[in-house]
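Here are the chains, one letter per residue:
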Amino acid sequence: ANGEGRAATSAGAAAIPGGGPSMSIALKDVYDGLQALSWVAAASAAWFGIYRYFPEAREKRLWEKTRLAKQMIDDLAANPKAIAASYMLGAWSGRRYEREENGARVSFTVTEKQVVAVLEPWRAARSANEQYVRECFDEFFYHLDLCVSAADRQIIDWEDIKPLFVALFAGVQRPMLA
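Draft legend 1. Fine view of the nonpolar core. Core analysis: the biggest nonpolar cluster contains 26 residues, and M88, V133 and F137 have the highest contact counts within it. Looking at this core, the elements with two or more residues in it are helix 2 (21-77), helix 3 (80-90), helix 4 (112-118), helix 5 (128-152) and helix 6 (158-169). Not counting residues up to four positions away in its chain, the partners in contact with F137 are A85, M88, L89, V115 and L119.

Draft legend 2. Molecular detail of the pairing of strand 2 (residues 104-109). In this structure, strand 1 (residues 96-101) lies alongside strand 2, joined through six bridges in antiparallel fashion. Opposite E101, over in strand 2, you have A104 as the bridge partner. Between strand 1 and strand 2, which pair antiparallel in sequence order, lie two residues; one of them, N102, sits at a positive phi of approximately 55°.

Draft legend 3. Region of interest: the pattern of salt bridges. The full count for this structure, using the stated rule, is nine salt bridges. Residue K70 is joined to D74 by a salt bridge in which the shortest nitrogen-to-oxygen separation is 2.5 Å. Residue K70 and its partner D74 are located together in helix 2, separated by four residues, close to a single helical turn. Assessed through its relative accessible area of 32%, D74 is described here as partly exposed. We note a salt bridge from K81 to E135, for which the minimum N-O separation is 2.8 Å. You can see K81 sitting in helix 3 and its partner E135 sitting in helix 5, a full 54 residues away along the chain. You can call K81 partly exposed: its relative accessible area is 28%. A residue is classified by how much of its surface remains accessible, and E135, at 29% relative accessible area, is partly exposed. Connected via shared salt-bridge partners are E98, E100 and R105.

The rules behind each value
- Within any chain, residue numbers begin from 1 and follow the written order of that chain's sequence.
- For this predicted model, a pLDDT threshold of at least 70 governs which residues receive local features, and a threshold of 80 or more governs which side-chain atom pairs are given and counted, while totals over whole chains, interfaces and linings are taken from all residues.
- Side-chain numbers come from the whole structure's heavy atoms, not from hydrogens or water.
- Only buried residues count toward a nonpolar core, which is a set of Ala, Val, Leu, Ile, Met, Phe, Trp, Tyr and Cys residues joined through side-chain atoms within 4.5 Å.
- Exposure classes here rest on a 1.4 Å probe applied to the protein chains alone. A residue is buried below 20% of its type maximum, exposed above 50%, and partly exposed in between.
- Counting from the N terminus, the helices are DSSP H or I runs at least four residues long and the strands are E runs at least two residues long.
- Throughout, a residue-residue contact means that at least one pair of heavy atoms, one from each residue, lies within 4.5 Å.
- Note on pairing: two strands pair once DSSP finds at least 2 bridges between them.
- Any Lys or Arg side-chain nitrogen found within 4 Å of a carboxyl oxygen on Asp or Glu counts as a salt bridge.

Dropping the structure here:
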């Protein structure tokens, strides 16, 4: 009987007093059950992590897009020449604009007809006022191009910049856009 007990112990069975080979099978079953339970827990935790990650990442991207759109609009609003061009689009008559010439501020008015003439691509600016109007629209179109390009590439959402376009072009007469 002693030889059999040594053989069972050396074969890997647990040496439990009063136990035998049947007790080692029960411990192995418990061990296998715990291992299966740990795999299920790990898979559940991984699934939960993935389940939580994607909506949070989508929400973070949405906030980043909105923040970038706001920054682009703020950049346009902070550019005095671009803002002057937006005023030239809607408030034609009576508005005065200022430009700098030889360290002094020069005030002038511009009409719709003058703006249309100055923006003709084949026509060179003939005066400092016309040059200023061109510079204003260069800045304005630069910012608009950034916004449109970013929206086309889905870097920002159109819905975030739509109010900008509505506000800028609300006072523009439709025949001018054609």
